[in-house]
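# Report on the structure
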Amino acid sequence: MNKTLFVFLISTSLVVQHFACAPKPTSSTSSTTSTPSNNQMVADILQLVNEHRRSKGLSALTLNNIISAEAEKHSQRMASGRTPLGIRFLEAMPALSSSRQRLLRQILDESDETFFLSSREMGRRYDVNTATIIRTIQALGYEKFADFAHDLREYFVTGITPYSAMKAAEETEQSVADRVRQSVEKDVSNVREFQMGLDAEKIVEIANRINLSHRIVVLGIDFAASLAGSLAYGLVRLGYDADAPVGSSGVVQSRIKIMTPKDLLIAISFGRGLRDTIEAVTAARRRNVPSFGITNGDGTPIAKYCDTFLTTTIARTSFIDSYVAPVAAINAILVACAHIQSERSLEHLRESEEEYATGTRWFNDGQGR
């Protein structure tokens, strides 16, 4: 299945999800039972697919189990990780003309090459005038092209995988040393972006919320586990009852079950969000446990389900996300926590002062060095 058809099916499967599922599912699972209306919708999708294939000079496909399975698979993916643009496309689809649907599918299909374009540049790319682009995005409910461009970028970034990121990097003519320098430059750029957009008062508000909490659970999985561990450790050093649970999803869920509205859950996840992290946040919401998130956009699941959140970029140049900006955010939070209750902080730090002075904390080779 080529890339165009693959993305086309992702887009059109939104229609199946719209008609097959309730507007707001109450569980993470959805019924896959086929109904007459669903069968008709699949047939309509197949017709659109074949129209698209004919425009590319390709032969028509037949409705078979493979295509149906692909449509169902993409429906489930979109249901579990929607983007703001995907949601708008879903809601507007019944009212969109076939020409607007085709234009939007092209834009989404080629989001890696369109997310940075202006409305005029996008019009030239698809051989339509700027007014057509503007009217098309307005049909999705956007008042300004800038808002559409923001969501298109998020749509693109959400689909980036470590494999696709490294594959794209490999297609550029750079030496390994050049890639190393580019990676460090991106790290510096990310921190600078965080600095330029820093809302110090919001950091203070977060620290105040932490200070009022009885217990703090910091949750991060995979690479984000190091961020969660650093934040929890820093809070413990300042005298807070904080921990970063590790282990299976059962360990995490058990930890959430003993939390109360007087506690605080801090969740760290980026992009589409890892399932265990998001499920922990939603479980905390059901128990009226306050939550705060660190993520990389206001359209991510963390931003959607946490009570408050802080955004930092994790833009990368190769396969691994850059976490220097989240680290800077965590350091800022710890500094605010330390100085909000400076007397308590000094008291707890004083306890380790003797350990620092005597040197028992540090390695000694037996020769006084």
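Residues numbered from 1 in each chain as written. Predicted model: local features only at pLDDT ≥ 70, side-chain atom pairs only at ≥ 80, totals over all residues. Heavy atoms only, no water.

### Here we look at the side chain of Thr 277
Put simply, the test is: In DSSP terms, a helix is any run of H or I states spanning at least four residues, a strand is any run of E spanning at least two, and both are numbered starting from the N terminus. Contacts are assigned to residue pairs with any non-hydrogen atoms lying within 4.5 Å of each other.
Looking at where Thr 277 falls in the secondary structure, it is placed in helix α15 (residues 275–286). Discounting chain neighbours no more than four positions away, the residues touching Thr 277 are Leu 219, Ile 221, Ala 267, Ile 268, Ser 269 and Ile 302.

### What about the packing of helix α12 (residues 200–212) against helix α17 (residues 324–340)?
Put simply, the test is: For helices, the axis comes from a line fit to the C-alpha atoms of the stretch in contact; other axes are also lines fit to C-alpha atoms, and the angle between any two N-to-C directions lies between 0 and 180 degrees. Roughly parallel here means an angle under 35 degrees, roughly antiparallel means over 145, roughly perpendicular means 65 to 115, and every remaining angle is called oblique. Two helices crossing with the near one rotated counterclockwise from the far one by less than a right angle form a left-handed crossing, whereas a clockwise rotation gives a right-handed crossing. Residues are grouped as follows: Ala, Val, Leu, Ile, Met, Phe, Trp, Tyr, Cys and Pro are nonpolar; Asp, Glu, Lys and Arg are charged; all remaining types, including Gly, are polar.
α17 packs onto α12 with a crossing angle of 60° between their chain directions and a minimal axis gap of 9 Å. Taken together, the axes of α12 and α17 are oblique relative to one another. Considering the relative orientation of α12 and α17, their crossing is right-handed. Here α12 contributes Ile 203, Val 204, Ile 206, Ala 207, Asn 208, Ile 210 and Asn 211 to the contact with α17, which in turn contributes Ala 332, Ile 333, Ala 336, Cys 337 and Ile 340. Residues belonging to the contact of α12 with α17 are distributed by class as follows: ten nonpolar, two polar and no charged.

### Quick word on the pairing of strand β4 (residues 291–295)
Applicable threshold: Buried residues are those whose accessible area, probed at 1.4 Å on protein chains only, stays under 20% of the maximum for their type, while exposed residues exceed 50% and partly exposed ones sit between those limits. Two strands pair under a simple rule: DSSP has to find at least two bridges between them.
When you tally the buried positions in β4, you get five out of five residues, the bulk of the element. Of the two faces of β4, the one holding Ser 291, Gly 293 and Thr 295 and the one holding Phe 292 and Ile 294 are both buried throughout. The pairing of strand β3 (residues 264–268) with β4 spans four bridges and is classified as parallel. The partner of Ile 266 across the bridge, within β4, is Phe 292.

### Overview of a nonpolar patch on the surface
The cut-off we apply is this: Two joining distances apply to patches: 9 Å for like charges and 5 Å for nonpolar side chains (Val, Leu, Ile, Met, Phe, Trp, Tyr), and every residue must have over 30% relative accessible area and no salt bridge. The method behind every accessible area is Shrake-Rupley, applied with a 1.4 Å probe, and residues are considered shielded solely by the protein chains displayed. One side-chain nitrogen of Lys or Arg within 4 Å of one carboxyl oxygen of Asp or Glu is enough to make a salt bridge.
A contiguous nonpolar surface patch, about 390 Å² in accessible area, is contributed by Met 166, Phe 223, Phe 319 and Ile 320. Relative to the elements of secondary structure, Met 166 occurs in helix α10 (residues 162–170). Taking relative accessible area as the criterion, Met 166 reaches 40% and is therefore assigned partly exposed.

### Considerations on the pattern of salt bridges
Going through the model one piece at a time under the given rule, you end up with five salt bridges. A salt bridge links Arg 125 to Glu 110; the nearest nitrogen and oxygen atoms lie 3.1 Å apart. Taken as a pair, Arg 125 in helix α7 (residues 119–125) and Glu 110 in the loop between α5 (98–109) and α6 (111–114) lie far apart in primary sequence, 15 residues in all. The partner of Arg 181 in a salt bridge is Asp 178, and the shortest N-O contact between them spans 2.7 Å. Taken together, the residues Arg 181 and Asp 178, both in helix α11 (residues 176–196) and three residues apart, mark about one turn of the helix. On the basis of relative accessibility, which here comes to 48%, the residue Arg 181 falls in the partly exposed class.

### Focus: the packing of aromatic side chains
Operational definition: Pairing of aromatic rings covers Phe, Tyr and the six-membered ring of Trp, with a centre-to-centre limit of 6.5 Å; geometry is then stacked below 30 degrees between planes, edge-to-face above 60, and tilted otherwise. As a reminder, the over-ring test applies to NZ of lysine and CZ of arginine, requiring each to be within 6 Å of the ring centre and within 35 degrees of the ring normal.
Counted by the stated rule, this structure contains four aromatic pairs. Here the aromatic rings of Phe 270 and Tyr 323 are separated by 5.3 Å at their centres, their planes lie at 35°, and the arrangement is tilted. Residue Phe 270 is found in the loop between β3 and α15, and its partner Tyr 323 is found in the loop between β5 (308–311) and α17; the two are separated by 53 residues along the sequence. Each member of the aromatic cluster is reached from another via a ring pair, and the members are Tyr 142, Phe 145 and Phe 148. Taking NZ or CZ as reference, Lys 202 lies 5.2 Å from the ring centre of Phe 309, over its face.

### Overview of the nonpolar core
Under the convention used in this document: By nonpolar core we mean a set of buried residues, namely Ala, Val, Leu, Ile, Met, Phe, Trp, Tyr and Cys, connected to one another through side-chain atoms within 4.5 Å.
Ile 210, Ile 216, Leu 235, Ile 268 and Ile 333 are the most contacted members of the largest nonpolar core, which totals 33 residues. Of all elements in the fold, only α12, β1 (216–220), α13 (224–237), β3, β4 and α17 reach the threshold of two or more residues within this core. Broken down by element, the residue count for this core peaks at eight residues, all from α17. Here Ile 210 is in contact with Ile 216, Leu 235, Tyr 240, Leu 264, Ile 266, Ile 333 and Cys 337, once residues within four sequence places are set aside.

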